[in-house]
Amino acid sequence: MKKFFAMLIAAMMILSAFAALAENGTLTMCTNAQFPPYEFYGDDGETIVGIDADIARAICEKLGYELEIKDIDFDACIPGVNTHKYDFAAAGMTVTDERKEQVQFTDTYATGIQVIIVPEDSEYESIDDIVADKGSVKIGVQQATTGDLYSTWDYEDEGLGTVDRFKSGGAAVASLQAGKEDCVMIDSEPAKNFVAQNEGLKILEAPYTTEDYAMAFAKDSEVYEAFNAALAELIEDGTVQAIIDQYIPAEAAE
Ligand code: GLN
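Residues numbered from 1 in each chain as written. Predicted model: local features only at pLDDT ≥ 70, side-chain atom pairs only at ≥ 80, totals over all residues. Heavy atoms only, no water.

(A) Focus on the overall build of the chain. Counting its secondary structure elements, the chain contains 10 helices and 13 strands. Per-residue burial over the chain gives 45% buried out of 254 residues. Residue pairs in contact within the chain that sit at least 24 positions apart in sequence constitute 74% of those at least 6 positions apart. Of the roughly 13000 Å² of accessible surface on the chain, 51% is carried by carbon and sulfur atoms. (Helix = DSSP H or I, 4+ residues; strand = E, 2+ residues; numbered from the N terminus. Buried < 20%, exposed > 50% of the residue type's maximum accessible area, 1.4 Å probe, protein only. Contact = heavy atoms within 4.5 Å. Areas by Shrake-Rupley, 256 points an atom, 1.4 Å probe, with all protein chains shown as cover.)

What follows is the structure, given as structure tokens:
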């Protein structure tokens, strides 16, 4: 009799595990899909592809979830996650102490480098060179990114220049091309894409700073732990690196 109950309980546990899997449903990711190669629109003009999208898809597949991706402004990602409008944000997002107060981050899955884009004929080697020569600098950034934070702290707050904040990195680059900025501070991989796609720009050799990317969840998220465990496994088994290599050819990576 005891054995029968033990088997019954085991059978019920297996059944409920299946039920949980079937009920997992959909996870909603938010991102700003103008950040190649981490997130951008694929050839069909509709599907969001890129390193973040592919890693998120692989995690959801592992956990039995469908993935839905919403393209929103970068600065709306953290508030959107915190109000549970989205389950998580995967947006080439840098881990910072300030953001850690608002959200919890997964393990780090990529390294980001902040770089400076200038006109191709520029002879400056750093933002400080620009300040030394012109007395002040105009920096274009994507609003609420770390490029915005560093430019604000290091130059605007110090009285060394002004920061023009745009909804997307592309808009900041367009303003630089229109001659309205001295430079743009942005993550290196999108920077390479923008410079390749736009005439007359180059990236300064000296990187501004290096940072870690992670995905962000609300602090009370119920899926965070399973999601992060699945990510850790995909990092461990090489899947994440294979996805990154697909978008960033090894010889081009810094
Ligand atoms: N890595 C930068 C940040 O987290 C930029 C991210 C982005 O623009 N998508 O602020």
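(B) Main features of the site of the ligand. Of all residues adjacent to the ligand, which total 13 residues, the nearest are Ala91, Gly92, Thr94, Thr146 and Asp187. One of the side-chain N or O atoms of Asp187 is found 2.6 Å from a nitrogen atom in the ligand. Across the complex, the protein chains shield 100% of the 290 Å² of accessible surface that the ligand would expose by itself. For the shell around the ligand, the residue count by class is five nonpolar, five polar and three charged. (Near = heavy atom within 4 Å. Polar contact = N/O pair within 3.5 Å; in protein donor to acceptor, adjacent residues only side chain to side chain. Nonpolar A, V, L, I, M, F, W, Y, C, P; charged D, E, K, R; others polar.)

(C) Structural view of the confidence of the model for the chain. Considering every residue of the chain, the mean pLDDT works out to 92; 89% of them sit at 70 or more. A low-confidence stretch, residues 17–22 stays under pLDDT 50, and its non-local contacts, those more than four residues away or across chains, total two contacts. (pLDDT = per-residue confidence, 0-100.)

(D) Just the side chain of Glu181, in detail. Within the secondary structure, Glu181 is located in the loop between α7 (169–177) and β10 (183–187). No salt bridge forms around the buried Glu181; measuring N to O, its nearest opposite-charge neighbour Lys138 is 5.5 Å away. From its side chain, Glu181 meets the backbone nitrogen of Gly140 in a polar contact 3.5 Å long. Here the side chain of Glu181 touches Ser175 through a polar contact of 2.7 Å, side chain to side chain. Leaving out residues up to four positions away in the same chain, Glu181 has contacts with Lys138, Ile139, Gly140, Asp164, Phe166, Ala172, Ser175 and Leu176. (Lys, Arg positive; Asp, Glu negative; His and termini not counted. Salt bridge = Lys/Arg side-chain N within 4 Å of Asp/Glu carboxyl O.)

(E) Quick look at the side chain of Gln142. When you line up the elements, Gln142 lands in strand β8 (residues 137–142). At a separation of 3.4 Å, a polar atom in the side chain of Gln142 contacts the side chain of Asn32. Leaving out residues up to four positions away in the same chain, Gln142 has contacts with Asn32, Phe35, Phe74, Asp148, Phe166, Lys167, Ser168 and Gly169.

(F) Fine view of α7. Those residues of α7 that fall on the buried side of the exposure criterion are Gly169, Ala172, Val173, Ser175 and Leu176. One side of α7 holds all its buried residues, which, seen down the axis, span an arc of 160°. Looking at the packing, one finds that the buried side of α7 touches β7 (110–119), β8, β9 (161–166), β10, α8 (188–197) and β11 (201–203). Immediately beyond the C-terminal end of α7, within one or two residues, lies Gly179, with a positive phi of roughly 80°. (Arc of directions from axis to C-beta.)

(G) Expanded view of a negative patch on the surface. A cluster of acidic side chains, namely Glu125, Asp128, Asp129, Asp133, Asp154, Asp157, Glu158 and Glu205, defines a negative patch on the protein surface. Position of Asp128 relative to the elements: it lies in helix α5 (residues 127–134). Residue classification places Asp128 among the partly exposed positions, given a relative accessible area of 47%. (Patch = residues over 30% accessible without salt bridge, like charges linked within 9 Å, V, L, I, M, F, W, Y side chains within 5 Å. Charge placed at Lys NZ, Arg CZ, Asp CG, Glu CD.)

(H) Spotlight on the nonpolar core. Of all hydrophobic cores here, the largest spans 32 residues; its most connected members are Ile55, Ile59, Phe88, Tyr109 and Phe227. Counting residues per element, the ones that place at least two in this core are β1 (26–31), α2 (51–63), α9 (224–236) and α10 (239–247). In terms of residue count, α2 provides more of this core than any other element does, seven residues in total. Not counting the four nearest positions on each side in its chain, Phe88 is found in contact with Leu27, Thr28, Met29, Cys30, Ala56, Leu67, Val81, Met215, Ala216, Phe217 and Phe227. Of all hydrophobic cores here, the second largest spans 15 residues; its members include Cys30, Ile72, Val81 and Met93. (Core = buried A, V, L, I, M, F, W, Y, C linked by side-chain atoms within 4.5 Å.)

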